[in-house]
Amino acid sequence: MSYYTRLSKAFENALHLPLTPDSKYILMSDCHRGNGTSTDNFLKNQNLFFAALQYYYMNNFTYIELGDGDELWENRSMTQIINIHSNTFWLMSKFYEENRLYLIYGNHDIMKSFPGYAKRNCTVYYCPESRNYTPLLPGIQFYEGLILDVIPGIRDVYLAHGHQADFFNTKLWHLSRFLVRYLWRPLEYIGILDPTSAAKNNIRKRKIEQNLSTWAKNEGHILITGHTHRPMLADVSATPFFNTGSCVHPRCITGIEIEKHCFTLVKWTYCTRKDFTVAICREVLAGPICINEY
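A brief structural summary.

Definitions and limits used
- Residues numbered from 1 in each chain as written.
- Predicted model: local features only at pLDDT ≥ 70, side-chain atom pairs only at ≥ 80, totals over all residues.
- Heavy atoms only, no water.
- Core = buried A, V, L, I, M, F, W, Y, C linked by side-chain atoms within 4.5 Å.
- Buried < 20%, exposed > 50% of the residue type's maximum accessible area, 1.4 Å probe, protein only.
- Helix = DSSP H or I, 4+ residues; strand = E, 2+ residues; numbered from the N terminus.
- Pairing = 2+ DSSP bridges.
- Contact = heavy atoms within 4.5 Å.
- Axes fitted to C-alpha atoms, helices over the stretch in contact; angles between N-to-C directions.
- Phe/Tyr/Trp six-rings, centres within 6.5 Å; stacked < 30°, edge-to-face > 60°.

With that out of the way, let us pick up the nonpolar core. Met-28, Phe-49, Tyr-56, Tyr-63, Leu-101, Ile-140 and Ile-253 are the most contacted members of the largest nonpolar core, which has 39 residues in total. Elements represented by at least two residues in this core include exactly β2 (24-28), α2 (46-58), α3 (78-84), α4 (86-97), β4 (101-104), α5 (117-121), β5 (124-127) and β13 (262-272). Ranked by residue count, the leading element in this core is α2, at six residues. Ranked by size, the runner-up nonpolar core spans 24 residues in total, among them Tyr-102, Ile-104, Ile-258 and Ile-291.

Turning next to the sheet that holds β13. Read across the sheet, seven strands follow the order β7-β4-β3-β2-β12-β13-β14 without closing on themselves; strand pairing throughout is mixed. Every other strand in the sheet has two partners, leaving β7 (142-143) and β14 (278-290) as the edge strands with one partner each. Where α2 meets the sheet, it contacts β2, β3 (62-66), β12 (252-259), β13 and β14, and its direction lies at approximately 130 degrees from that of β13. On the sheet, α4 packs against β3 and β4 and is oriented at approximately 115 degrees with respect to β4.

Applying the stated criterion to the full structure yields 13 aromatic pairs. Feature note: the residues Phe-42, Phe-49, Tyr-57, Tyr-63 and Phe-95 constitute an aromatic cluster, connected by ring pairs.

So, to be careful, I would describe these as geometric facts and stop short of saying anything about function.
Structural data, given as structure tokens:
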């Protein structure tokens, strides 16, 4: 099966959500939440992520995570990840209680697509404050793709992780996981990066982004993915392919806001005020660009 067919198949099976002028979505991906060790790449940005999510919760956004939310190649236990990042999962559960949370799986958390995985791992969590097990995401579903309908059947926005355009991380994902878990993870301690990763290999990154752009152009859909970790909003004269970036940049997290039918690429980072106090700030990187411009 080619990358093109994989993307098309995921599109055909995707859940549809409305995208009206009143809709407010925040799209993020590639959090890679880990188990709190030195290889947990999310750890350094967990406060940025929590602050950003609080902002979007208070401002009535729906949170959509475009895959690789949890690092399940390096780590075997989802329970450990939830326990380490319990505040993050608690806040996500508040979105879920209000039907404002949708989760897509990527290659690093593809296990979430397995039958029964969500029920076994995401139904409850241990709350340190109450010292009791508390409902987390009971009944949650993980999707390969989502479609935001502007005009159903005519104009839409397709959301996926993007690994469908990456042969090594789809057809050979068992091998990729083995190499990450037993080879590249230990080498990461001494600074050697995984050359098979689309986020760390620029040649592979460009190829995958070219595949995704080709699909979006040929099929006539606005396509938003993660996977390569490179944030982008396409110019209105270019192929309508966007990327949310990731939550594991050295000094920031990035995402795409959708509001009033417009896309805005933002980053959350630490900034220094005039009185020399440090704060968490939201900055616009690109946009807004509106759907009717494409």
